[in-house]
Amino acid sequence: MTEKTYRIDIEGGAAVRARPGDTLLEVAAEAGLEVSADCGGAGTCGKCRARAGGLLEPPSDAERKLLSAREIESGVRLACQARISGDAGAVFEGNAVSSEITDFCMEYEPPDSGRGHAPDSERGFGLAIDIGTTTLNARLVDLETGRAAASAASANPQRIYGADVASRLSFAVSGGLGALRSGLRRRVSRMVEWLAERGGVEAGAAKRSIVVGNPTMLSVFFGYDPSGIGAAPFTPPFTGTAAALARELGIPAAEGAVAETLPVVAGYVGADAVSAALRAGLHRPGGPRLMIDLGTNAEMVLAAGGEIWACAAAAGPAFEGAHISCGSTAREGAVDTVMLSEDGTLAVGTIGGAAPEGLCGTGLIDALAVLLDSGALAASGRLTAPEDGPIADRLSGGDLGSQPEFHIVRPGEMGARRPVSITQQDIREAQLAKGAILAGAETLMAAAGVDAASLEAVYLAGALGYSLNSKSAIRIGLLPGARPEIVKFIGNAALDGAADALVSAKAREDARLLGDSIRYFELSSAPGFADRFAAAMAFPANLH
Ligand code: FES
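As the structure is a computational prediction, the values presented were derived from the model and not from experiment.

A count of helical and extended segments in the protein gives 12 helices and 26 strands. The C-alpha atoms of the protein give a radius of gyration of 23 Å, which matches the 24 Å a tight globule of 544 residues would have. Its C-alpha atoms give the protein principal-axis dimensions of roughly 70 × 65 × 45 Å. Sorting the 544 residues of the protein into buried and exposed places 56% on the buried side. By sequence separation, contacts in the protein at least 24 residues apart represent 67% of the contacts at least 6 residues apart.

Take a look at the structure:
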């Protein structure tokens, strides 16, 4: 007898069939949506709220604890708790992202002889894949020229099990490793098929793949158990490189084609950091240079005095749009530019010029800089609502217990359907992220005996890409050195470094040597880190 299923309509996703007892969170994933679920479905974070209708089991104890009686009465549910008992529907408001695959259009400079990694002129195609905690990127590369035939981006489907590495690890340890692995492999497989179609290449033609990512993501993808990374001494299941037949990992590829990683250095310094450092040229001689890969976990690699050091700071996903009330990844419609124009009005830009639909990391950093410059944000991070000044009419709350908010876009402006705002809580999240990054960089430099004033370059890699305004980054105190002229944006350098290693044996060898020579520095037990972190949460003092 076939099991009874019900029709579930999720706004923004496909209509799907679900079995009795399935949660709305699982059904939303099936419908092509990833829902914020920072606690991994434990019913403790309240992030997976949805407005639901139709037949669902009654609210659980966790829902009664986290939702008000009024919310429950009006149909608000926690998607991880609400279980299907008949036909139903749900709407997620700003806390779900589509699992669609999109063109990844960040600038890319193919490897050339100037970089010392000219392609080896092998005919055919290969794949460079970057498995980020929040976002997946992949590129189909012509092995002969190093040029990209197509590039793709998609959300990491594991996001429904938690926003950061720590929550994924605890989900894996509590029996979720299989779900983490299968969802990730399925998504990568779909991305590769999408790339083949876009690039006009037969699916399954790839002759080689280079995969980078942090040690947890790579362990999950390559079939290792990452649980040792979750607790001190944070031991990854492998260091150096791992390899497997691409097809065994679910990657559509030529028969016998191998997928391999670049070197993993330690539990929180992975192949993505090595790849980005390779792309930044830290393996070459030079003065003191710092590379920061701004992801959910911010890896930092410092080359100085003939040595290379690395550490990782748990920045959290705030600059990738998670844990932020109107947060968004860098996709069309995300507010990515916020400035005060000369006439005192607020100038706002969005990716693709589309109607505003959320705030991505660069927009958040810009908005904080505007608040600091206008005097509405104190060095402590406290948001106030001044009675006059250029943005006074965009600040609200702060009295009678309501949260102060800065309304970057109001409904109707620029075609926005919903406001795009930042709250006091968002500012706290950004302070934690920027505090971790700055304190990590300062502690690493202190250990290596490097003074910030002597830095020749600070390379910024990662999701913030090329679009980050270096003045805003310095204004909020994100970077050491505070000199815009030494800040260089190198885009998604982890993916670009993987593409270099894909086409050039010399790049692979340089990556191996880089991995071998990096000295890992554990931040959590480093003297002075906690004090620096506390100090680095403050913003540089107002100039007004
Ligand atoms: S309450 Fe955290 S995922 Fe549902």
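Now that the structure has been shown, the text picks up again.
Counting buried positions along helix α5 (residues 215-222) gives eight out of eight residues, so the element sits mostly inside the fold. Residues P215, T216, M217, L218, S219, V220, F221 and F222 constitute the buried set of α5. On its buried face, α5 sits against β9 (125-131), α4 (165-199), β12 (208-213), β13 (243-245), β14 (258-261) and α6 (271-280). At the N-terminal end of α5, a side-chain oxygen is found 3.0 Å from the backbone nitrogen of T216, two or three residues along, and the residue is N214.

The sheet built from seven strands is open, its strands ordered β8-β11-β10-β9-β12-β14-β13 with mixed pairing. For this open sheet the edge positions go to β8 (102-103) and β13, each flanked by a neighbour on one side alone. Bridge count for β9 against β12 is five bridges, and the pairing is parallel. Its bridge partner being in β12, A128 is matched across the sheet by I210. Of the strands in this sheet, β9, β12, β13 and β14 are in contact with α5, which crosses β12 at around 140°.

Right, let's get into empty space enclosed by the protein. Evaluated as defined, the whole model comprises two cavities of 30 Å³ or more. In this structure, the largest cavity occupies an estimated 60 Å³ of space. Taken together, L127, L140, V192, A196, V201, E202, A203, G204, A205, A206 and P252 make up the full set of residues lining the largest cavity. Estimated volume of the second largest cavity: approximately 30 Å³.

Right, let's talk about the environment of A452 for a bit. Among the secondary structure elements, A452 is positioned in the loop between α8 (424-448) and β24 (457-462). Accessibility expressed as a relative area gives 23% for A452, which makes it partly exposed. When the C-alpha atoms of A452 and F489 are compared, they prove to be 18 Å apart, with 37 residues separating the residues in sequence. Apart from residues no more than four positions distant in its own chain, A452 is found in contact with M445, G481 and R483.

Right, let's talk about the nonpolar core for a bit. One finds F221, F222, I251, M291 and V301 to be the most contacted residues of the largest nonpolar core, which totals 82 residues. Of the residues forming this core, the biggest block, 12 residues, is contributed by α4. When near neighbours in sequence (up to four residues on either side) are disregarded, F222 contacts R185, V211, A242, A243, A244, L249, A259, E260 and T261.

Here the focus is the pattern of salt bridges. Inspection of the entire model under this criterion finds 16 salt bridges. Salt-bridge contacts for R410 lead to D393; the nearest nitrogen and oxygen are separated by 3.8 Å. Of the two residues, R410 is situated in the loop between β22 (405-409) and β23 (420-423) and D393 in the loop between α7 (361-373) and β21 (395-396); the sequence distance between them amounts to 17 residues. Residue classification places R410 among the partly exposed positions, given a relative accessible area of 27%. Exposure remark for D393: the relative accessible area of 53% places this residue in the exposed category. Between R512 and D516 there is a salt bridge, with the nearest N and O atoms lying 3.2 Å from each other. Of this pair, R512 and D516 both sit in helix α11 (residues 505-517), separated by four residues, roughly a single helical turn. Members of the salt-bridge network, linked through shared partners, are D393, R394, R410 and E413.

With that settled, the discussion passes to helix α10 (residues 493-503). With 11 of 11 residues buried, α10 lies mostly within the body of the structure. Those residues of α10 lying buried are A493, A494, L495, D496, G497, A498, A499, D500, A501, L502 and V503.

What follows deals with the side chain of D366. Inspection of the secondary structure assignment puts D366 in helix α7. Among the polar contacts made by the side chain of D366, one reaches the side chain of S472 at a distance of 2.7 Å. Excluding its chain neighbours within four sequence positions, the residues that come into contact with D366 are D336, T337, V338, N469 and S472.

About the thresholds
Here, residues in each chain are numbered from 1, in the same order as that chain's written sequence. Per-residue local features are limited, in this predicted model, to residues with pLDDT of at least 70; the limit for side-chain atom pairs, both in listing and counting, is 80 or more; totals at the level of whole chains, interfaces and linings are taken over all residues. Excluding hydrogens and water, the side-chain values take into account all heavy atoms of the structure. Segments assigned H or I by DSSP are reported as helices when at least four residues long, segments assigned E as strands when at least two residues long, and all are numbered from the N terminus. Radius of gyration here uses only the C-alpha atoms, and the compact-globule reference equals 2.2 Å multiplied by the residue count raised to the power 0.38. Residue burial is assigned from relative accessible area. The probe radius is 1.4 Å, only protein chains are included, and a residue is buried under 20% of its type maximum, exposed over 50%, and partly exposed in between. Note on definitions: a residue-residue contact is assigned when non-hydrogen atoms from the two residues lie within 4.5 Å. By the criterion applied in these results, polar contacts are pairs of N or O atoms within 3.5 Å in which, for protein atoms, one can donate a hydrogen and the other can accept it, and in which residues neighboring in sequence qualify only through two side-chain atoms. Think of it this way: DSSP has to see at least two bridges between two strands before they count as a pair. Axes here refer to lines fitted to C-alpha atoms; in helices the fit is confined to the stretch in contact. Angles between the N-to-C directions go from 0 to 180 degrees. We place a 1 Å grid over just the protein atoms. Points where a 1.4 Å probe fits but has no way out form a cavity, open points with protein on both sides within 12 Å along at least 5 of 7 lines form a pocket, and any residue with an atom within 4 Å of a point lines it. Grid points are joined across faces, edges and corners, and a volume is the space filled by probe spheres set on the points. Residues enter a nonpolar core if they are buried and are Ala, Val, Leu, Ile, Met, Phe, Trp, Tyr or Cys, with the set joined through side-chain atoms within 4.5 Å. Put simply, a salt bridge is a Lys or Arg side-chain nitrogen that is within 4 Å of an Asp or Glu carboxyl oxygen.

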